[in-house]
Amino acid sequence: MNLNANDLLVLHKAVTRSVEEGPYDSSYFFLNKVDIPKSINKLIDNKVLVKDNTLEISLKKIKNPKLSELLKNAGLKSGGNKNELVTRMIDNIDEVKTHNEDLELPLVYTATEKGKQLLYETTYIPHFVNTTISLPRAHKIAETYLSSSSEDKTIDLYNFEIKRLFKLDSNDHELRRNFEHLANYYYEHKNDNENARLYCHLAYTININNTLENLRTFPRSYYDFEDKFDYERLKRDISTENNFQVEQVYNQLIFIDKLSNESVHDLFVNDIVNYYELDRDLSKKLVDFMVAVRTKENENLTFSKILDYINENNIIDKETVEKFSRVRFDDEYIEDEENIEDEENEDNFTFKTNLNKLIDKNLDVEVEVDINTGELFLFLEDSDVKDLVEDELGN
């Protein structure tokens, strides 16, 4: 069969829907300019899809009020649920047709036996409509590298891509996104909290590693226009407060399983130790902070301990810091001791860009909306900020 990934998606979205309805609407079709009628014809030509109007199929697409009306017109009992109405229609179809001359049975897209097998073999297709792995690439990997006996091709696809990316860069942003998507798949579709937790922790570790690396190599990104360290930004970066997968996993650990911080930390260590080097002192502080964020208890105190760690381990180069502001660490985060006047020849660390450039670069832009004023605030990943700055300054 010469069917591509888009054809297969049309099959998944069209089956059991009436011809009048057409395939289930998907933004993917619009964004990728999928020729749906052409795909439908290919599916029919390959004998995986048919337009069916047999009674058992078509009557199920007629709404209950209409079925009741048709039965009532024929002098038959018109009450009951869907299955009862359809069965009554089939058992008395000649009488129903006699009293409903305008009865038209809708055509329904129905999978043939060959089509049903294809649907089973490609259950992964709808999942990759909006993930870090594009749908055509996912289909290519499945066709080329995965075993036909694979129990779950969605999981195997993610693992294939994760293994490839991990070899290239174990802290890659795309790798982190794949960890997050796989965690969500385990949680939402497999009801597997352990694997969901594992991949959440792996994604979080990449986030922490990249945050610390940015603090070491590009600390300026954490200073505002007044040369004050942006602690709220650092807090957002390490809290994962808006990460749905982490939120669900930690709610389970804290409120359902009722685990202590020590037990949660043990799980974190066990999940990470085979993949990344681990500083147990830091990981303990991070777990305490993530728990505090969700319990709304001791959030500032646990955050201040992370700041102490950053200070004590010289994560931020002191000479670099002193170029912008003198700071001290305390329980109230960090307060400026004095402002340093800007030097006349100091480089300007701001520049103008536009949304089209961000879109062209395929950057992951997070948008926050002030519900009171309607103002929009755009945020980029630290690695994207660094690449964007280097690109702008290089030009």
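Above this text sits the structure in question.
Everything numeric in this text was worked out from a predicted model, so none of it was measured.

1. A word on empty space enclosed by the protein
With the rule as written, the count across this model stands at one cavity of 30 Å³ or more. Counted as a void, the largest cavity has a volume near 50 Å³. Lining the largest cavity are Ile208, Thr211, Leu212, Leu215, Leu234, Ile238, Leu282, Leu286, Ile306 and Ile310. Counting only elements with at least two residues in the lining of the largest cavity, the list comes to helix H12 (193-217), helix H13 (231-239), helix H16 (280-295) and helix H17 (299-312).

2. Re the packing of aromatic side chains
All told, the structure shown has twelve aromatic pairs when counted by the stated rule. Seen from their ring centres, phenylalanine 166 and tyrosine 275 are 6.5 Å apart, and the 75° between their planes marks the pair as edge-to-face. In this pair, phenylalanine 166 sits in helix H10 (residues 153-168) while tyrosine 275 sits in the loop between helix H15 (261-272) and H16, placing the two residues 109 residues apart along the sequence. We classify phenylalanine 166 as partly exposed; its relative accessible area is 27%.

3. Remarks on the nonpolar core
Of all hydrophobic cores here, the largest spans 79 residues; its most connected members are Phe179, Tyr199, Leu215, Leu234 and Tyr250. Take this core: its biggest share by element is eleven residues, from H12. Each residue touching tyrosine 199, except ones within four places of it in the same chain, is listed here: Asn159, Ile162, Phe179, Leu182, Ala183 and Tyr186. Judged by nonpolar contacts, the second largest core, of 13 residues, contains Leu59, Ile62, Ile93 and Val96.

4. A short note on H15
Residue pairs spaced three or four apart in an α-helix point in one direction, given the helix's 3.6 residues per turn. The end-to-end C-alpha separation of H15 is 16 Å, in line with the 16 Å expected for twelve residues at 1.5 Å each. When H15 is considered as a whole, its buried residues turn out to be Val264, His265, Phe268, Val269, Asp271 and Ile272. Taken down its axis, H15 places every buried residue within 165° of arc, on the same side. Contacts made by the buried residues of H15 are with H12, helix H14 (244-256) and H16.

5. Focus on the pattern of salt bridges
Pairs can form between side chains of opposite charge once their charged atoms are near each other. Taken as a whole and assessed by the stated rule, the structure comprises 16 salt bridges. For lysine 116, the salt bridge identified is with glutamate 113, shortest N-O distance 3.4 Å. Placement of the pair is lysine 116 and glutamate 113 together in helix H8 (residues 113-121), with a separation of three residues, close to one helical turn. For lysine 116, a relative accessible area of 45% translates into the label partly exposed.

6. Some points on the packing of helix H1 (residues 5-14) against H8
Where H1 contacts H8, the axes come no closer than 11 Å and their chain directions differ by 110°. Relative to H8, the element H1 lies roughly perpendicular. Residues Leu8, Leu11 and His12 of H1 pack against Gly115, Leu118 and Leu119 of H8. For the contact of H1 with H8, a count of residues per class yields four nonpolar, two polar and no charged.

7. Comments concerning unusual backbone geometry
The backbone of lysine 47 sits at a positive phi, close to 60°, despite the residue not being glycine. With respect to the helices and strands, the residue lysine 47 is situated in the loop between helix H3 (36-45) and strand E1 (49-52). Judged by its relative accessible area of 59%, lysine 47 falls in the exposed class. Unusually for a residue other than glycine, lysine 296 sits at a positive phi of about 60°. Residue position: lysine 296 is located in the loop between H16 and H17.

8. Things to note about the layout of surface pockets
In this structure, the second largest pocket encloses a volume near 490 Å³. Along the wall of the second largest pocket there are 22 residues; nearest its centre are Tyr120, Glu121, Thr122, Tyr124 and Lys153. Mapped onto the lining of the second largest pocket, the elements with two or more residues apiece are H1, H8, helix H9 (135-144) and H10. Tallying contributions element by element places H8 first for the lining of the second largest pocket, with four residues.

What counts as what
Residues numbered from 1 in each chain as written. Predicted model: local features only at pLDDT ≥ 70, side-chain atom pairs only at ≥ 80, totals over all residues. Heavy atoms only, no water. 1 Å grid on protein atoms, 1.4 Å probe; cavity = no way out; pocket = protein on both sides within 12 Å on 5 of 7 lines; lining within 4 Å. Points joined across faces, edges and corners; volume = space filled by probe spheres on them. Helix = DSSP H or I, 4+ residues; strand = E, 2+ residues; numbered from the N terminus. Phe/Tyr/Trp six-rings, centres within 6.5 Å; stacked < 30°, edge-to-face > 60°. Buried < 20%, exposed > 50% of the residue type's maximum accessible area, 1.4 Å probe, protein only. Core = buried A, V, L, I, M, F, W, Y, C linked by side-chain atoms within 4.5 Å. Contact = heavy atoms within 4.5 Å. Expected span 1.5 Å × (residues − 1). Arc of directions from axis to C-beta. Salt bridge = Lys/Arg side-chain N within 4 Å of Asp/Glu carboxyl O. Axes fitted to C-alpha atoms, helices over the stretch in contact; angles between N-to-C directions. Parallel < 35°, antiparallel > 145°, perpendicular 65-115°, else oblique. Nonpolar A, V, L, I, M, F, W, Y, C, P; charged D, E, K, R; others polar.

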